Amino acid sequence: HGKCVSGQSRIILADGTVKTAREIFEAASKNGEIYEDNGEHTIFTPKEQTSVFSLDKQTGKLEKKPIKNAWRLNGGKTIKIRLRNGFEIATTPEHKYIAYRDGFAEVKAEDLKIGDKIVCAEKLWNNCVSKKFDSIEIIIGNQIMLFDKVLDEISQRELAFVEINKIESGFEDVVYDFTIPENHNFIAEGMVIHNTAFTDNLLAAAGHMASKHAGDL
């Protein structure tokens, strides 16, 4: 199967709300169109745009990108990593993380080691998870700022490179993934993780697009 995250993995949406991978997929299944469904996976294309935060590895900045496709796949073995700051997530062994190795590098979960540094949107994650933004306006000091402006400001603060301090194996019956155009990554449990090239390969194999353009999905 492909490179995917567990259903309980939490993802920051562009409006600052935090949803699990399962919740995002279920929303897409209700308001979207089915793209493909077989014994291995189910793909929906959302009708209502849902955007997430995504890292532009060229600039090192977080951007808002729409979810193009939402995937649910048969599960299997997983690898859970835990970081020094308490962040943790379970993914399939093939799923790539954005690690920092003298620059941004894509590293499969099965190739990660204790001490490897994972790129995290630590400040953005902590603000969105720990604070409930109930108003469209937020008071910071003596200033009243619109929510979107505050979120943009928080998202552009420097990334954190946090060491792995625990790795363990597990199992998930069902796993999820999301196709993010251009950057091909999203923030899950505070970490920058890659959306799978496996999804592109499946679509290319199915004849939905030319293989040479598969990476652009």
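See the structure printed just above.
Calculation notes
Residues numbered from 1 in each chain as written. Predicted model: local features only at pLDDT ≥ 70, side-chain atom pairs only at ≥ 80, totals over all residues. Heavy atoms only, no water. Helix = DSSP H or I, 4+ residues; strand = E, 2+ residues; numbered from the N terminus. Buried < 20%, exposed > 50% of the residue type's maximum accessible area, 1.4 Å probe, protein only. Core = buried A, V, L, I, M, F, W, Y, C linked by side-chain atoms within 4.5 Å. Contact = heavy atoms within 4.5 Å. Arc of directions from axis to C-beta. Salt bridge = Lys/Arg side-chain N within 4 Å of Asp/Glu carboxyl O. Polar contact = N/O pair within 3.5 Å; in protein donor to acceptor, adjacent residues only side chain to side chain.

1. Digging into unusual backbone geometry
Backbone geometry places His184, a non-glycine residue, at a positive phi of 60 degrees. In this fold, His184 is placed in the loop between strand S15 (160-179) and strand S16 (185-188). The class for His184 is buried, based on a relative accessible area of 12%. At Glu189, a position not held by glycine, the phi torsion is positive, near 50 degrees.

2. So, the nonpolar core
Judged by nonpolar contacts, the single largest core of 46 residues is most densely connected at Ile81, Leu83, Tyr97, Ile118, Phe178 and Met191. Ranked by residues supplied to this core, first place goes to S15 with 5 residues. Discounting chain neighbours no more than four positions away, the residues touching Leu83 are Ile118, Cys120, Val162, Glu163, Ile164, Asn165 and Met191. Membership of the second largest hydrophobic core comes to 5 residues, among which are Cys4, Ile43, Trp71 and Val175.

3. Considerations on helix H1 (residues 21-31)
By the burial criterion, the buried members of H1 are Ala21, Ile24, Phe25 and Ala28. The arc that holds the buried residues of H1, viewed along the axis, is 95 degrees, so those residues lie on one side. Lining the buried residues of H1 we find strand S1 (5-6), strand S2 (10-12), strand S3 (18-20), strand S5 (41-45), strand S8 (69-83) and S15.

4. A look at the pattern of salt bridges
Summed over all chains, the structure comprises 9 salt bridges. We note a salt bridge from Lys65 to Glu63, for which the minimum N-O separation is 3.8 Å. In this structure Lys65 comes out as buried when scored by relative accessible area, which is 13%. Since its relative accessible area comes to 25%, Glu63 is described here as partly exposed. Across the pair Arg82 and Glu88 runs a salt bridge, and its minimum N-O distance is 3.0 Å.

5. Section: the environment of Asn185
Here Asn185 is to be found in strand S16. The spacing of Asn185 and Asn195 is 10 residues in sequence and 5.0 Å in space, taken between C-alpha atoms. Only 3.1 Å separates the side chain of Asn185 from the backbone oxygen of Asn183, close enough to count as a polar contact.

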